[in-house]
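The chain contents come next:
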Number of protein chains: 2
Amino acid sequence: MSLNILLAEDDLELRLTLEEALTLEGMQVCACDSAESALDAAEQEGFDVAILDLVMPGLSGVEAIANLRRLQPGMGVIITTAFATVDTAVDAMKKGADEFLAKPFNLTALATTVRRVNAERQPQPKLADETADKVFSALSNPIRRQALLQLVRHRQLRFMDLCRLVGVEDHTKFNFHMRQLKQSGLIQQNVNKVYFLTTEGQQMCHFLLQEEVD
Amino acid sequence: MSLNILLAEDDLELRLTLEEALTLEGMQVCACDSAESALDAAEQEGFDVAILDLVMPGLSGVEAIANLRRLQPGMGVIITTAFATVDTAVDAMKKGADEFLAKPFNLTALATTVRRVNAERQPQPKLADETADKVFSALSNPIRRQALLQLVRHRQLRFMDLCRLVGVEDHTKFNFHMRQLKQSGLIQQNVNKVYFLTTEGQQMCHFLLQEEVD
DNA sequence: TATTTTTGATAAGGCAACTTCACAGCCTGG
DNA sequence: CCAGGCTGTGAAGTTGCCTTATCAAAAATA
């Protein structure tokens, strides 16, 4: 996959060098000479990662971060500088930078950093793998799905009432499925043994149903 | 579950009779003597079904439907009338009524109709049962989930590239899982055998990931 | 107090999912 | 043209899910 990189660097020679190096690494690069130009470009096109010089005429790289994040929240940001101090590094990270690189830096290392920053900004799975196994395994059975949908309608139900609504004749069979649903974390029982949907169960059911929008 | 009923009937005696009969059927009834009162009530409280007389002083029952649906899109609507004609029935159904009842009607039958109308307006599962079986069964396996997430990131991938990204050593094992995913309808191959997510696959992955909100 | 209903557990067998192994055709690159 | 890589299928064995049968304790009702 070809990463789309937004580069803001006012030094012409360095800008050309960076652009060429990243292109050789298989990335698409949009090179700008100012933060303002970079913001204009970000309004036109989606980017995976932005590489911003800290000090530039006009807006600094750090000042541009908030605007970039407003335009494209998923974009990674790397701040580069020739005069790194602890204060400038901390300030950049506080302002939302994902990485802070002091010049000069190794070009291959830069490409590696870009890929890492991009990977870290990728959306993460909502569910841990073990939980996902249980949740989707629970949902792969029609009896269990039907039980969940009845709990959407009735909010709280006792075991045998739910068993009859779902239409299962053998309550020990139904009990097996209810235990699967409990282990998956989608439902719970209160102290009176009444079943109800957990928060996660409600979210899952919300997704399962095509509900009318207001 | 106790249904919440909004009743609009200008005839006092009939209104009291209906209210009592529905209450005896275990329903919560908010009785109004006009459509305007009913709309006021609907602004204050959620209802499952509205029973509206066709002809009333002020707004008619049919005229109230659009306003009620704007306030509460999921509400069922039953129009009642003493002077039913084909024209008035068609007009009411066109304007969004779920049922049209000519007076006099059997009170027990009314309660049954109310329950049926409510059930029909319940949100329906997005997926047919057979499809849901396949989709959730496909998602219950970690290898298959990982394959989908890689397709989110890379958009299109060839078989062996995807196999290596997911980290499966035996390509015939991986092939089995890819066939499961194809049968579930979450992925497809183009003419060059490159895998990509279907529309349904994209929706499912969108749900699986906790993506940043704008 | 006795009976019925509700809720729950375990074991065993059948069936399906998954893994492993063997094999093969097609495509690409040298 | 040949070798290597890619893509794919089927059979057999292993593992796990689901159903059925049996049993039982607790709670509710008459």
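The rules behind each value
- Residues numbered from 1 in each chain as written.
- Chains lettered and ligands numbered in written order.
- Predicted model: local features only at pLDDT ≥ 70, side-chain atom pairs only at ≥ 80, totals over all residues.
- Heavy atoms only, no water.
- Contact = heavy atoms within 4.5 Å.
- Buried area = accessible area lost by both parts, 1.4 Å probe.
- Salt bridge = Lys/Arg side-chain N within 4 Å of Asp/Glu carboxyl O.
- Axes fitted to C-alpha atoms, helices over the stretch in contact; angles between N-to-C directions.
- Helix = DSSP H or I, 4+ residues; strand = E, 2+ residues; numbered from the N terminus.
- Parallel < 35°, antiparallel > 145°, perpendicular 65-115°, else oblique.
- Left-handed = near helix turned anticlockwise from the far one by under 90°.
- Expected span 1.5 Å × (residues − 1).
- Buried < 20%, exposed > 50% of the residue type's maximum accessible area, 1.4 Å probe, protein only.
- Arc of directions from axis to C-beta.
- Phe/Tyr/Trp six-rings, centres within 6.5 Å; stacked < 30°, edge-to-face > 60°.
- Near = heavy atom within 4 Å.
- Polar contact = N/O pair within 3.5 Å; in protein donor to acceptor, adjacent residues only side chain to side chain.
- Nonpolar A, V, L, I, M, F, W, Y, C, P; charged D, E, K, R; others polar.
- Pairing = 2+ DSSP bridges.
- Least-squares fit on C-alpha atoms with pLDDT ≥ 70 in both.

### Comments concerning the interface of chain B and chain A
And then number 1: Listed per partner, the contact involves 34 residues of chain B and 32 residues of chain A.
And then number 2: A buried area of about 3100 Å², summed over both sides, lies between chain B and chain A, and 59% of it is on carbon and sulfur atoms.
And then number 3: On the chain B side of the contact with chain A, K126, F136 and F207 of chain B bury the most area, a combined 22% of that side's loss.
And then number 4: Linking chain B with chain A are 4 salt bridges, by the criterion used here.
And then number 5: As a salt-bridge pair, D129 of chain B and R145 of chain A come within 2.9 Å of each other at their nearest N and O atoms.

### Points about the packing of helix α10 (residues 199–208) of chain A against helix α10 (residues 199–208) of chain B
And then number 1: Look at α10 of chain A against α10 of chain B: their axes get within 12 Å of each other, and the N-to-C directions meet at 160 degrees. As the angle between them shows, α10 of chain A and α10 of chain B are arranged roughly antiparallel. You can see that α10 of chain A and α10 of chain B cross each other, and the crossing is right-handed. Contacts between α10 of chain A and α10 of chain B pair Q203, M204 and F207 of chain A from the former with Q203, M204 and F207 of chain B from the latter.

### A closer look at helix α5 (residues 107–121) of chain A
All names here are of chain A.
And then number 1: The end-to-end C-alpha separation of α5 is 21 Å, in line with the 21 Å expected for 15 residues at 1.5 Å each.
And then number 2: Taken as a whole, α5 has its buried residues at L110, A111, T113, V114, V117, N118 and R121. An end-on view of α5 places all buried positions within 160 degrees of arc, on one side of the element. Along α5, the residues that are exposed and aim more than 90 degrees away from the buried face are T108 and E120.

### Quick word on the packing of aromatic side chains
And then number 1: Enumeration according to the criterion identifies 4 aromatic pairs over all chains in this entry.
And then number 2: Between F136 of chain A and F136 of chain B, the ring centres sit 6.1 Å apart and the planes meet at 15 degrees, which makes this aromatic pair stacked. Placement of F136 of chain A in helix α6 (residues 129–139) and of F136 of chain B in helix α6 (residues 129–139) is noted, with the two residues assigned to different chains. Of the two residues examined, F136 of chain A and F136 of chain B, each falls in the buried class.
And then number 3: Relative to F207 of chain B, the ring of F207 of chain A lies with its centre 3.8 Å away and its plane at 15 degrees, an arrangement referred to as stacked. Linking F207 of chain A in helix α10 with F207 of chain B in helix α10, this pair reaches from one chain into another.

### Here we look at the protein's contact with DNA strand C
And then number 1: Close to DNA strand C lie 17 residues, the nearest being M160, H171 and T172 of chain A together with T172 and H177 of chain B.
And then number 2: Backbone atoms, meaning sugar plus phosphate, form 59% of the atoms of DNA strand C positioned within 4 Å of the protein.
And then number 3: With respect to DNA strand C, the side chain of Q189 of chain A contributes an N or O atom lying 3.2 Å from a phosphate oxygen.
And then number 4: Secondary-structure elements contributing two or more residues to the surface near DNA strand C are α8 (159–166) and α9 (171–184) of chain A together with α9 (171–184) of chain B.
And then number 5: Take the surface near DNA strand C: its biggest share by element is 4 residues, from α9 of chain B.
And then number 6: For the surface near DNA strand C, the per-class residue count stands at 4 nonpolar, 6 polar and 7 charged.

### Notes on the pattern of salt bridges
Pairs can form between side chains of opposite charge whenever their charged atoms are close.
Residue and element names in this part refer to chain A.
And then number 1: Inspection of every chain in the model, using the stated rule, returns 18 salt bridges over all chains.
And then number 2: Here D53 ties to K103 by a salt bridge, and the two come within 3.1 Å at their closest N and O atoms. On the criterion of sequence distance, the pair formed by D53 in strand β3 (residues 49–53) and K103 in the loop between β5 (99–102) and α5 is long-range, its members being 50 residues apart.
And then number 3: Within this structure, E9, D53 and K103 form a network of salt bridges that share partners.

### Considering the sheet that holds strand β9 (residues 195–197) of chain B
All names here are of chain B.
And then number 1: A sheet is described by the order of its strands in space; here 3 strands give the open sequence β7-β9-β8, paired in antiparallel fashion. Of all strands in the sheet, those bounded by a partner on one side alone are β7 (156–157) and β8 (187–189).
And then number 2: With 3 bridges connecting them, β8 and β9 associate as antiparallel partners. Paired with Q188 across the strands is F196, a residue of β9.
And then number 3: Relative to the sheet, α9 contacts β8 and β9, its axis offset from that of β8 by approximately 105 degrees.

### Here's the deal with the protein's contact with DNA strand D
And then number 1: Near DNA strand D you find 18 residues, and of these H177 of chain A together with M160, H171, T172 and N175 of chain B are the closest.
And then number 2: Among atoms of DNA strand D positioned within 4 Å of the protein, sugar and phosphate together represent 61%.
And then number 3: In the environment of DNA strand D, a base oxygen lies 2.9 Å from a nitrogen or oxygen atom belonging to the side chain of H171 of chain B.
And then number 4: The side chain of Y195 of chain B places a nitrogen or oxygen atom 3.4 Å from a phosphate oxygen of DNA strand D.

### Some remarks on the relation of the copies chain B and chain A
And then number 1: Rotating chain B by 180 degrees about the axis while translating it 0.0 Å along that axis superimposes it on chain A, leaving an RMSD of 0.3 Å. The transformation relating the two chain copies, once decomposed into turn and shift, fits a two-fold axis. For chain B, the minimum C-alpha distance to the rotation axis belongs to F136 of chain B and amounts to 2.7 Å.
And then number 2: Looking at the interface residues of chain B, 94% of them are also at the interface in chain A, so both copies use one shared face.

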